[in-house]
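So the chains spell out like this:
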Amino acid sequence: MDERLEKALEFANFMVTLNNQKRALKEKYHTDCVYYQNGGTFTITKDLITFLKTLIDMGNTTDIVVIDDNDLPVRVNDLQQFLDDAIDQYFIASNSYYNDYQLLKKNRSVEALTQ
Amino acid sequence: MSKGVLIYALNNEQIDYAKLALNAARRVKKYLGVPVALVTDSADWLYKQYPNYKDDVDMVIKVVHQAEVSPWTSTWQYPVGSLAFYNGTVWRKVNEGPEIVDVVDVVDVVEKAEIEVVKETTYSFNQEDFDAVYEGIDVDKWYPNLPYLVGQHVWYENTLYRCAIQYTEGETFSKDKYISLIDKVQDGDIIEKIFKGNIVLFNRSLWMSKFDIKTEIITYKIEDFEPVYEGIDIDKWYPNLPYLVGQHVWYENTLYRCHTEYEEKEEFSIGQYDIILENVQDGDIIEEISKGDIILFNRTLWMSDIAGKRKKETVTNIQKTYKIEDNFTRVYEGIDIDKWYPKLPYLVGQHVWYENTLYRCHTEYEEQEEFSSDQYDIVLENVNELTQLTKFTKGDILFHERVLWMSLINYDIAQSSKDKIRYDLWEDTKERFLVYDSAPQYRQYFDGAMTHKKLRFKNDIRVKSFELSPFDETLVIDCDYLINNDILKYCWQQPHDFLIHKQAVDLSGYRYDPRLVTLSDKSIDFYWATVFFFRKNKNTEIFFNYLGHIQENWNYYRYIYQIEQGLYRNDFAFSIAIHVMNGYQNGTWAHDLPGKLYYTIDKDILLEHFDTEMKFLVEKEKYRGEYTIMKTKGINVHVMNKFSISRILNEELNV
Amino acid sequence: MSKGFLIFAEDAKLKKYTRSAYALALSIKNHMPNADISLVTDNKIPEKYRLVFDQIVPVPWRDRNKTTTFFKTEDRWKLYHCSPYDETIVLDADMLAFSNLDIWWEYLKNYDVFLTSNVLDYRGKIVTGRYYRKTFDSNNLPNFYFGAAYFKKSDYAKEYFNWVEDISNNWELFYGRYVNVNYPKLPSMDVTASLAAKILNCENLVSHKNAPVTFTHMKPMIQNWESPTESWQDSIGAYFNKNCELKIGNYQQHGLFHYTEYSFLTDHIINQLEKITGIS
């Protein structure tokens, strides 16, 4: 086979693998960003964090009803604790994502990508 | 509420599901930390191949073709080592001993507390309940020794015949001379139960029932009867007893009143009595009651206003039986003890038992109404009457049949009931079994894109999860669902009763199958039965019962929901059942499981699985037989290629 | 304030839309026996129809010399003026009601004009297909449906319907200027109502995406089928039982059902509705 073609195919292979891995990391990150509380499912987003912080700043800290991802009302007993837990989880998920992503960026071969 | 995981492992010819299930169980223990119950039809294989299975599995539920172990019964004598089925699990006998603490000599049967009469209403043919059918023909009931003509219609043993040859009948029905026309024709003169559409012969014509008709059974208790001659207490006559003036006595279906005080001998002294009433039935033994009968029951007279039969199963209390010789020893031998009664003479030295105390009389006297304790010396206290006890311990002194006994055993009626197994003799193996035969189904199992085998596909038993699960809150997983995190722990912390995945993520990223979104183009949403959680309650019980109905009537449901495949699949059945539970619309009866359902299909290959990391060869898009490599970490994955899981496990075990 | 349902119906040669309106009224009465319903029509109707309608309102200001469109779009702006109610819900005639819609009044009282913006498929899911909305997408029109609309007699609503009147009476001009990509061959009330809202810049004031006011829209191309047919009735079964409940395929129908195809409304359905309401 023409060497140029061979290299192109090799690169294509690498790109497919790289994209698959990126997708897998993203899926994991999204899964890690879901926080479960009192029967409710909350995806930790900037919006959620900001909203919780605003509620707390306004003096609402106990027995607050928050609407979850499935539009179900969930009573949160301690909103500060909820926010702290959500932020903790956010940091764990995003740090892990970051670290794994950095490793991915460094690798230049299919084998290295999946080590 | 008990919680745990249920894993199914039903083997086929080539895949060792037991091995896969043990691996899945191990991961459950590691990440979720809850008990695991395994449902398998290859328990013997499991025990033999994996003798350390108890490290990973807390209970094995066997699926068998027929019952291998009989239910436990107290009437059977089991040797040590026997197996019996009791209270949902299999028990093994580990110690010698009788099933109940058994006494032959004394049987204390508590008298029946009530009398019940059962009346069966009879149905009389009512033309309004029927439509005439086959009009124009007259039907004769068959009788022996009569002539029959050609063309004559005859009814015999619920079948309508037409006579083909003229003849004179003998003793038995000459079936060969008839053409059978209609079967299941009931005799309208003695209708007990008829369903709508049944045909009945009445008055030489045929009729079709418009409704379901059945005779009723009505139960009457003695309290439903009218008491008569109120205010008098009646004693049954017995020989060798004193009788007093004015005492009412029942003897041989006659009520008498004693007019002279006397001591009875062996025979009834009719001269001492006036007849009050004749034809008074004994309520304890009467079998059939007619309207207007007067019955003696519980020392009172009752008049029946219905006719009926005595109900066979009347309430009896538990029989308490004791084996005197084996379990007791005589104490204080040489003394005979009488129970105390009022208005009797007592002699010096006489031993009397009264209110759990043994006394010896020291002064001869005539007793009055009350116990004259000053006439006695206390001999022994805490002497209970044996037949009144439900519980006693070894060493207790008991009064029975005029003598004292010391118990050699601990006895508790709760333990010794004919309905309860003796826990001191039997050990629970924690094994359950279910008699079940999977429907014969086969499907293709791929091992990568280029190899496949057609193997037995047994998945229909999953509809029995409610019945099988020993837990109140159960997470059910496939044995090829590999757990790599603890996200499913949340199932037991949340309030919803049924959780399942509706959406799933194919790790290939490019494959799309619309039949994993809806069951068919026009049909309902698809739910994944790979992993689901349920809490046992009425709602989920209804759901699983309905699932069973779907499975049993799969062909019907398949067409109703336009499912092209003939193969029964749990995913389809669950989807249908959830749709119905939602009221035939999209709804929230089933909630989402935490996390997402990731999967690879059996054309992908699992290469490695170490700790929470998995490496796959994922089928390449548009390049059959070529793969792209992919790694995942910390996510649970449904790995459909069971051959590849098996290979990895073999490598781990160096097989 | 009086409130009621208003249905506009004009019979065509082979399609008696007054019959459809009658069935719709029966179905409303089945769930809301005290609902007020009026019919706007110039057709002669059977006496029994009058049992369900409070009023039969003739179409005002009709120009007999003018050619009319099939769906009588040129007359629909008049509904605002001829409605006998202070608050009116306008419904298309080819609909049936399968729930109590009283909750709509509670929600709609906050509006002067309301237009449906999200419709559902028979599975109860919000329609995302754009097969019939190319004109809207191409011309950046808000995604409104006049099939179920509301107005309250007010200055604001009057101004809005003045614009609807102008556009209806000069549709070629307005469409030519504002709806010139995927230009509709005939005037459409949906397009006209959406255009009026766009011109008045009141899109957010006349609708809301989370509103309970919606209906099942049985157009074959937007049911999320892989292979739709020209008529939805050729693709899926409809089952109407003696309790006047409707199932399309495996899905029980609730709320408002816009069947869109005249042939769906059989005599059997009308008979059942008459029986259950006791009106015949």
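Note that the coordinates shown come from a computational prediction; the quantities given were computed from them, not determined experimentally.

**Here we look at the overall build of chain C**
Of regular secondary structure, chain C possesses nine helices and 12 strands. Counting over 280 residues, chain C shows a buried share of 43%. Pairs at least 24 residues apart make up 76% of the contacts formed inside chain C by residues separated by at least 6 positions.

**Considerations on the overall build of chain B**
Of regular secondary structure, chain B possesses nine helices and 59 strands. Residues counted as buried form 31% of the 655 residues belonging to chain B.

**A word on the confidence of the model for chain C**
Predicted confidence across chain C gives a mean pLDDT of 93, with 96% of residues reaching 70 or more. As scored by the predictor, the complex reaches a pTM of 0.66 and an ipTM of 0.89.

**Regarding the interface of chain A and chain B**
Residue-level contacts link 14 residues of chain A with 20 residues of chain B. For the side of chain A that touches chain B, the element with the most residues is helix H1 (residues 3–32) of chain A, which contributes nine residues.

**Here we look at the interface of chain B and chain C**
With 11 residues of chain B at the interface, the matching set in chain C holds 14 residues. Of the residues belonging to the side of chain B that touches chain C, the class tally is four nonpolar, five polar and two charged.

**Topic: the sheet that holds strand E38 (residues 357–361) of chain B**
All names here are of chain B. The four strands lie next to each other as E35-E37-E38-E40, forming an open sheet whose pairing is mixed. Of all the strands in the sheet, the pair left with one neighbour each is strand E35 (337–339) and strand E40 (376–381). Across the sheet, the mean angle from the axis of one strand to that of its neighbour is 35 degrees, orientation sign disregarded.

**Some details on the nonpolar core**
Buried together is how nonpolar side chains tend to be arranged in soluble globular proteins. Ranked by internal contacts, the top residues of the largest apolar core, which has 89 residues, are Ile-7, Ala-9, Ala-21, Ala-24 and Leu-38 of chain B. For this core, the leading source of residues is helix H1 (residues 17–31) of chain B, giving eight residues. Among all residues touching Ile-7 of chain B, those that are not within four sequence positions of it are Ala-21, Ala-24, Ala-25, Val-36, Leu-38, Ile-477 and Cys-479 of chain B. The next biggest cluster of nonpolar side chains, apart from the first, holds 79 residues, and it includes Ala-23, Val-119, Val-127 and Ile-236 of chain C.

**A word on the sheet that holds strand E11 (residues 153–156) of chain B**
Residues and elements named next belong to chain B. Within the open sheet, the four strands sit side by side as E9-E11-E12-E14. Their pairing is mixed. Taken across any chain shown, the strands that pair with only one partner, and hence form the sheet edges, are strand E9 (139–141) and strand E14 (178–183). On average, each strand axis in the sheet is tilted by 35 degrees relative to the strand beside it, whichever way the strands run. By the bridge criterion, three bridges tie E9 to E11 in an arrangement that is parallel. Across the sheet, Asp-140 pairs through a bridge with Val-154, a residue of E11.

**Examining the packing of helix H2 (residues 46–57) of chain A against helix H3 (residues 79–106) of chain A**
Residues and elements named next belong to chain A. Where H2 meets H3, the axes come as close as 10 Å, and the angle between the chain directions of the two elements is 155 degrees. One element, H2, and the other, H3, form an angle in the roughly antiparallel class. Of the two possible hands of crossing, H2 and H3 adopt the one that is left-handed. Within the contact between the two elements, H2 uses Leu-48, Ile-49, Leu-52, Lys-53, Leu-55 and Ile-56 and H3 uses Leu-79, Gln-80, Phe-82, Leu-83, Ala-86 and Ile-87. For the contact of H2 with H3, the residue count by class is 10 nonpolar, one polar and one charged.

**What about H2 of chain A?**
If you check H2 of chain A, its first and last C-alpha atoms are 16 Å apart, about what 12 residues at 1.5 Å a residue would give, namely 16 Å. Remark: Gly-59 of chain A follows H2 of chain A within two positions and exhibits a positive phi of approximately 95 degrees.

**Overview of the environment of Asn-126 of chain B**
Residue and element names in this part refer to chain B. Counting through the fold element by element, Asn-126 comes out in the loop between strand E7 (116–120) and strand E8 (130–133). A count of 10 C-beta atoms within 10 Å places Asn-126 in the exposed class. Between the alpha carbons of Asn-126 and Gly-188 there is a distance of 9.8 Å; along the sequence they are 62 residues apart.

**Things to note about the environment of Arg-558 of chain B**
All names here are of chain B. Looking at the secondary structure, you find Arg-558 in helix H7 (residues 554–560). As a C-alpha pair, Arg-558 and Phe-572 span 14 residues in sequence and 8.7 Å in three-dimensional space. Setting aside anything within four residues of it in sequence, one finds Arg-558 in contact with Ile-563 and Gly-566.

**Side note on the pairing of strand E18 (residues 205–209) of chain B**
Residues and elements named next belong to chain B. The sheet contact formed by E8 and E18 spans four bridges and is antiparallel. For Asp-131, the partnering residue across the bridge sits in E18 and is Met-208. Where strand E17 (residues 199–202) folds back on E18, the antiparallel hairpin that results is connected by two residues, among which Asn-203 adopts a positive phi of roughly 55 degrees.

The rules behind these values
- Residues numbered from 1 in each chain as written.
- Chains lettered and ligands numbered in written order.
- Predicted model: local features only at pLDDT ≥ 70, side-chain atom pairs only at ≥ 80, totals over all residues.
- Helix = DSSP H or I, 4+ residues; strand = E, 2+ residues; numbered from the N terminus.
- Buried ≥ 20, exposed ≤ 12 C-beta atoms within 10 Å, placed from the backbone.
- Contact = placed C-beta atoms within 7 Å.
- pLDDT = per-residue confidence, 0-100.
- Nonpolar A, V, L, I, M, F, W, Y, C, P; charged D, E, K, R; others polar.
- Pairing = 2+ DSSP bridges.
- Axes fitted to C-alpha atoms, helices over the stretch in contact; angles between N-to-C directions.
- Core = buried A, V, L, I, M, F, W, Y, C linked by C-beta atoms within 7 Å.
- Parallel < 35°, antiparallel > 145°, perpendicular 65-115°, else oblique.
- Left-handed = near helix turned anticlockwise from the far one by under 90°.
- Expected span 1.5 Å × (residues − 1).

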